[in-house]
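# Survey of secondary and tertiary structure
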Amino acid sequence: MTDEESRQLKTFEAQVRVLLLKYRSVLKENDELRRTLSEQEDAISRVEAELNQSKENYRRLKTARMIEISDDDVREAKNRITRLVRDVNRCIGLLSSDNE
């Protein structure tokens, strides 16, 4: 083997070592990126679950508010009827006293 061939072989070996180092570095970076991606997917899943729970809570709150409003309306209607009955009873009482 000549000096030129020996030098070329050493240069080639050095380039192969550099490529191996870069390859290992890329593998390590790839593993880190996969881990980060997995963590981000987990975070997204948690946030989606919280969002779904919040939507469900909001739906329940709206339903409770509608029921609450309906209950108030019923109470108010009962109070109006009670007042009307009192007014009718007063009128009957006044009419009865006038007839006597």
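Just above sits the structure.
About the criteria used
- Residues numbered from 1 in each chain as written.
- Predicted model: local features only at pLDDT ≥ 70, side-chain atom pairs only at ≥ 80, totals over all residues.
- Heavy atoms only, no water.
- Helix = DSSP H or I, 4+ residues; strand = E, 2+ residues; numbered from the N terminus.
- Buried < 20%, exposed > 50% of the residue type's maximum accessible area, 1.4 Å probe, protein only.
- Areas by Shrake-Rupley, 256 points an atom, 1.4 Å probe, with all protein chains shown as cover.
- Salt bridge = Lys/Arg side-chain N within 4 Å of Asp/Glu carboxyl O.
- Patch = residues over 30% accessible without salt bridge, like charges linked within 9 Å, V, L, I, M, F, W, Y side chains within 5 Å.

### A look at the overall build of the chain
Scanning the chain from N- to C-terminus turns up 1 helix and 0 strands. Along the first, second and third principal axes, the C-alpha atoms of the chain reach 145 × 15 × 10 Å. Considering the chain as a whole, with its 100 residues, one finds that 0% of them fall into the buried category. A total of about 9600 Å² of accessible surface is found on the chain, and carbon and sulfur atoms cover 56% of it.

### Here we look at the environment of Ile 44
With respect to the secondary-structure elements, Ile 44 resides in helix α1 (residues 3-99). Note on Ile 44: relative accessible area 46%, which makes it partly exposed. Sequence spacing of Ile 44 and Ile 67 is 23 residues, and the spatial spacing of their C-alpha atoms is 34 Å.

### As for the pattern of salt bridges
A full pass over the atoms with the stated rule returns 5 salt bridges. Across the pair Arg 90 and Asp 87 runs a salt bridge whose closest N-O atoms are separated by 3.0 Å. Taken together, the residues Arg 90 and Asp 87, both in helix α1 and 3 residues apart, mark about one turn of the helix. We classify Arg 90 as exposed; its relative accessible area is 52%. Through salt bridges that share partners, Glu 56, Arg 59 and Arg 60 make up one connected network.

### Examining a nonpolar patch on the surface
A contiguous nonpolar patch, built from Met 1, Leu 9, Phe 12, Val 16 and Leu 20 and spanning about 500 Å² of accessible area, is present on the exposed surface. Following the sequence through the fold, Leu 9 ends up in helix α1.

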